[in-house]
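Spelled out from the first residue to the last, the chains are:
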Amino acid sequence: MRPVFPFSAIVGQDEMKLALLLVAVDPTIGGVMVFGDRGTGKSTAVRALAGLLPPMKVVAGCRYGCDPQANGARCDECQARAVAGVPSKSVLAPVPVVDLPLGATEDRVVGALDLEKALTTGEKAFEPGLLARAHRGFLYVDEVNLLEDHLVDLLLDAAATGENVVEREGVSIRHPSRFVLVGSGNPEEGELRPQLLDRFGLAVDVRTPTVIATRIDVIKRRDAFDRDPVAFMTHWHKADAKVRRHLEKARARLDALVVSDAVLERAATLCSQLGTDGLRGELTLLRTSRAMAAYEGDHEVTLAHLRRIAPMALRHRLRRNVLDDAGSTTRVERAIAELWGDVVATR
């Protein structure tokens, strides 16, 4: 495995790192969209996060990484073995991080027939694609706003159903495809389709650091990693291990946290005040605030948790207002101040 820059060594970009940690605690939040400049550590942070996560259990020999404890979300092959009463062995595998290149073909994404096997043996075999490789992991799309429309449609289908269905030359394959979608892009280079943007649970902004000391720190750490990756990773091993334990504890306590009606009422009121479409905003606020409380080790979800994560959960869901030239983050924070003036932002 190639060396990966440690997550704990990333300088600044606190909101992006927090968003990635929260979707690692609860993948049902729906992924992260990162807007901002090139060269600000977006792809580095995604790959580094996967290195923090403990190995996951998969069905031995399964090409799709099916969960041996999942009853329904399995590929056709695992489902057939389960129906036949054939026991499945489990093995540990790393959490996958898959890059989806802009120029990928449809067959590369969803899967294709194995032509070599078909020509040599006459058997129709299926070669899994990127959606299969990303199952139970992360699918990262750099410059997602430049992704071709037909690939966007494929992502939308997989995100909505949690599975990938491929029919090629008489071969019908169905397999689960549940992943945390992480995208990045510069809004100046093209807008993202609203249907895809709405599928991202959280949206964060990253900017090139302006403080000279911060820029120097970034350069020094990156140079040290490039010169001796092993030594650099060893130096940051304890810090990453601490974050990993934090994530594991947060996952363990997540289901025990209950969100009160008072918090839900505030979430619904905020979304109504901002005029967000549908109810996905409220669901994201619910799941993200619960993950925030779990990550911080709290026993209940409070309004302070909700207030802290509200901008990243709602800033990309606002309609454009020609009478208000304020940025989306400012509009969310202004609505919070108007509705929750009595709630402090601290824990």
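Computed from a predicted model, the values in this text were never measured in an experiment.

Of the regular secondary structure elements, the protein chain holds 15 helices and eleven strands. Radius of gyration (C-alpha) of the protein chain: 21 Å, near the 20 Å computed for a compact globule of 347 residues. Its C-alpha atoms give the protein chain principal-axis dimensions of about 70 × 50 × 40 Å. Of all intrachain contacts in the protein chain linking residues separated by at least 6 positions in sequence, the fraction that spans at least 24 positions is 76%. For the protein chain, the computed accessible surface area is about 18,100 Å², with 52% contributed by carbon and sulfur atoms. Placing the 46 positive and 47 negative side-chain charges of the protein chain at their respective mean positions leaves the two points 6 Å apart.

What follows deals with the pattern of salt bridges. Side chains carrying opposite charge are able to pair once their charged atoms draw close together. Going through the model one piece at a time under the given rule, you end up with twelve salt bridges. Ionic pairing is found between Asp14 and Lys17, a salt bridge with its closest N-O pair at 3.9 Å. Of this pair, Asp14 and Lys17 both sit in helix α1 (residues 14-25), three residues apart, roughly one helical turn. With relative accessibility at 55%, the residue Asp14 sits in the exposed group.

Here we take up the packing of α1 against helix α13 (residues 280-295). Packing of α1 against α13 leaves a shortest axis separation of 9 Å and a crossing angle of 95 degrees. Classified by the angle their axes make, α1 and α13 are roughly perpendicular. Between α1 and α13, the contacting residues are Leu18, Leu21, Leu22 and Val25 on the first element and Thr288, Ala291, Met292 and Tyr295 on the second. Grouping the amino acids of the contact of α1 with α13 by side-chain chemistry returns seven nonpolar, one polar and no charged.

Residue placement: Ser177 occurs in the loop between β9 (171-176) and β10 (180-185). Residue classification places Ser177 among the buried residues on the basis of a relative accessible area of 1%. At 3.0 Å, the side chain of Ser177 and the backbone oxygen of Leu131 are in polar contact.

Calculation notes
Residues numbered from 1 in each chain as written. Predicted model: local features only at pLDDT ≥ 70, side-chain atom pairs only at ≥ 80, totals over all residues. Heavy atoms only, no water. Helix = DSSP H or I, 4+ residues; strand = E, 2+ residues; numbered from the N terminus. Rg over C-alpha atoms; globule rule 2.2 N^0.38 Å. Contact = heavy atoms within 4.5 Å. Areas by Shrake-Rupley, 256 points an atom, 1.4 Å probe, with all protein chains shown as cover. Lys, Arg positive; Asp, Glu negative; His and termini not counted. Charge placed at Lys NZ, Arg CZ, Asp CG, Glu CD. Salt bridge = Lys/Arg side-chain N within 4 Å of Asp/Glu carboxyl O. Buried < 20%, exposed > 50% of the residue type's maximum accessible area, 1.4 Å probe, protein only. Axes fitted to C-alpha atoms, helices over the stretch in contact; angles between N-to-C directions. Parallel < 35°, antiparallel > 145°, perpendicular 65-115°, else oblique. Nonpolar A, V, L, I, M, F, W, Y, C, P; charged D, E, K, R; others polar. Polar contact = N/O pair within 3.5 Å; in protein donor to acceptor, adjacent residues only side chain to side chain.

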